[in-house]
Amino acid sequence: MGLYEDLLERIGDRERVTINETILEQHSKGIAYHAPRKPDVVVFPKTAAEVSAVLSYANERRIPVTPFGAGSSLEGHVIPVEGGITLDFTMMNEIIEIRPDDFLAIVEPGVTRMQLNQALKQYGLFFPVDPGADATIGGMAATNASGTNSVKYGVMRDQVLGLEVVLADGTTIHTGGMAVKSSAGYDLTGLFVGSEGTLGAFTRIIVRLQGIPEATNAIKASFPTLAEAAQAAASILKAGVSPGKIELVDEQTIDAVNRYKKTDYPVKPTLFIELSGSAASIQDGTAMVKELCESENAVAFEVEEDSVARAKLWEARHHAAFAIQAAYPGKAMLSTDVCVPISKLPAAIAETRKLVDEYGMTAAIFGHVGDGNYHTVLAFDPNDAEEMKRIEEVNARIVRYALSHGGTCTGEHGIGIGKRRFLYEEHRDSVSFMKGIKQLFDPNGIMNPGKIFL
C-alpha cells in the first residue's frame, strides 16, 4: 500500500486523511514570503492515540512530519520542506478543563486563543498572550509566541505549566504539572515550548490564566519623531507605571492603517498604551504617562476608557501588518522581529530607520517596544533577484545590529526557515548542544525537518 492508504488504515476516516490538491495547497505555506512546498498527505487527528499512530508509522519509514495549527507562522515553520505528512491539529480543539480557582486551563493544541478567552469570560479570567492572529495554543507554544501583552504578563513560555507530548517514535510523555512552580528535575516543559515542532507534537497543554483587571484604559500619544516616541516608551517603563501594553507605530504604518481601517489618526510616530488595574492606579498612571510623553514633545495625547473605542484602537494596531500588505498589493512582506535590551531600543529604531532610508526601501516600523521587540516590515518583489538581495542585506544588518548590542535575531516569530543562519551567529557555542537534544528526541530526523538548523 502507499502512504495515503497506510494512513487511512490507521485513522479510518476518509474525511481526515486527504490528498485533495486544494487542501495540500493550503498546507504548503505560512503567511510570509517563503517558498511553498506541498505535503504528500494531510492528516487531521482527533486524539493523542491517532497522533502516536501516525508518528510511529512515519518514524519507522523515515517519513517527514510537519505539525500545523492556524497556519499564521511568519518564518515558514509549517512548510513541509521535504514533503511527507502534515499533521493538522485544528480538529483537536477541545477545552478539556477550566480550573478557575487554580488559574489554569487544560486544552488541546487546536484551541485558538480567542476560543479560549471566550470560554474564560464567565469566570472573570483571560489568557494573556496575544500575538495578533487568532493562533492556536499549540502553535503559540511551539514558537514561544508573545505579543502586545508580554510587557506585563510575559511570553508563552511563562504561561505553559505542563504538556502532553508525542515524540517522534510515538511515545507519549508528560512534562510539568498544575503547580505554579516546581524544582523537580530538568525543565522539559520550557525545552519543548519554542521547539517549533522539531522535538515532538503537543496533544495537551496546561496554561496559566490571569484575572480580568477591574479597570482598563487606552492611550494614544503622537510624537514628532520615531526616536522621541521610542524614548518616551523607555521613560514610561523606567517610571514604574507597569503598562499592560505599550506599542510603537511609525508614521508609514499609521498612514497605511488610516487607509485600511478608514481612521484619521495623526500621521506621526505613535505610542499605543494600555493601563490596567484599579481605577485609582489607572488615574495616577495616566497622569504620569502624560507628563512623560509631554517631556518627549508629544504633539497629541488621547485617552479612551470606553470599551468599544478601546477595542477599535487596538484593532487598528493589530491590523497593522494587514494594512501594510493592502498598501502594497502584489508585494511580498518580510517582517523582522529583533529584540534588544530596552536601554538600546531608541538607538536601534533610529538606526533601522536610517538604514532603510539609506537603501531607499519601502518599510514600516512597529512593535512591542515595552520589551525591546520591534518589527521592520519590508515590502518587495520576490521575483526581482536584485531587490531580494537588497532585502536580505537590510535584514542581515538589522539583525547584526541587534546581536552586537546584546539582542536576539527573533523576539517572538522563531527561527523556522528564515533565521537559521542567524541562530549560528547568536549562539555559535551552543548550537551543537541544541543539535544533540534534537538527536536525542528525534534520532531519525522526521519532526519538522529543515527548521531551526542548517
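Residues numbered from 1 in each chain as written. Predicted model: local features only at pLDDT ≥ 70, side-chain atom pairs only at ≥ 80, totals over all residues. Heavy atoms only, no water.

1. Quick look at the packing of helix α10 (residues 251–261) against helix α13 (residues 320–327)
Packed helices, taken two at a time, are described by their axes: the angle between them and the distance between them. Between α10 and α13, the shortest axis-to-axis distance is 8 Å and the interhelical angle comes to 80 degrees. Judged by the inter-axis angle, α10 sits roughly perpendicular to α13. Together, T253, A256, V257, R259 and Y260 of α10 and A320, F322, A323, I324, A326 and A327 of α13 make up the contact between the two elements. Of the residues contributing to the contact of α10 with α13, the split by class is nine nonpolar, one polar and one charged. (Axes fitted to C-alpha atoms, helices over the stretch in contact; angles between N-to-C directions. Helix = DSSP H or I, 4+ residues; strand = E, 2+ residues; numbered from the N terminus. Parallel < 35°, antiparallel > 145°, perpendicular 65-115°, else oblique. Contact = heavy atoms within 4.5 Å. Nonpolar A, V, L, I, M, F, W, Y, C, P; charged D, E, K, R; others polar.)

2. Focus on the sheet that holds strand β14 (residues 270–277)
Strands sit in the order β15-β12-β14-β13-β17-β18-β16 across an open sheet of seven strands; the sheet is antiparallel. Each edge of the sheet is formed by a strand with only one pairing partner; in this case those strands are β15 (300–304) and β16 (332–335). Shown here is a sheet whose adjacent strand axes are inclined to one another by a mean of 15 degrees, direction ignored. Note: strand β13 (residues 245–249) against β14, five bridges, orientation antiparallel. Bridging from a neighbouring strand, I246 pairs with I273 of β14. Taken strand by strand, α10 contacts β13, β14 and β17 (363–368), and its axis lies near 95 degrees from that of β17. (Pairing = 2+ DSSP bridges.)

3. A closer look at α10
Those residues of α10 that sit buried are T253, I254, A256, V257 and N258. Where α10 is buried, its residues touch β13, β14, α12 (307–318), α13 and β17. Trailing α10 by a residue or two, K262 shows a phi angle of about 60 degrees, which is positive. (Buried < 20%, exposed > 50% of the residue type's maximum accessible area, 1.4 Å probe, protein only.)

4. Details of the pairing of strand β3 (residues 65–68)
The side chains of a regular strand alternate between both faces of the sheet. The side-chain alternation of β3 yields two buried faces, one formed by V65 and P67 and the other by T66 and F68. Pairing between β3 and strand β4 (residues 85–88): four bridges, direction parallel. By the bridge assignment for β4, T66 is matched with T86.

5. Concerning the nonpolar core
Formed by 52 residues in total, the largest nonpolar core has its most connected members in I236, L271 and I349. Filtering out sequence-adjacent residues up to four positions away, I236 remains in contact with V241, P243, I246, L271, I273, V289, L292 and C293. Core analysis: the second largest hydrophobic core is formed by 28 residues, A105, V160, I205 and V207 among them. (Core = buried A, V, L, I, M, F, W, Y, C linked by side-chain atoms within 4.5 Å.)

6. With respect to the side chain of K451
Residue placement: K451 occurs in the segment after α17 (431–441). Buried charged residue K451 carries no salt bridge. Nearest counter-charge: E196, at 7.7 Å. Polar contacts involving the side chain of K451 include one to the main-chain carbonyl oxygen of I79, which spans 2.6 Å. Looking at K451, its side chain comes within polar contact range of the side chain of N448, at 2.6 Å. Discounting chain neighbours no more than four positions away, the residues touching K451 are T66, G76, H77, V78, I79, V81, T198, G416, I417 and R420. (Lys, Arg positive; Asp, Glu negative; His and termini not counted. Salt bridge = Lys/Arg side-chain N within 4 Å of Asp/Glu carboxyl O. Polar contact = N/O pair within 3.5 Å; in protein donor to acceptor, adjacent residues only side chain to side chain.)

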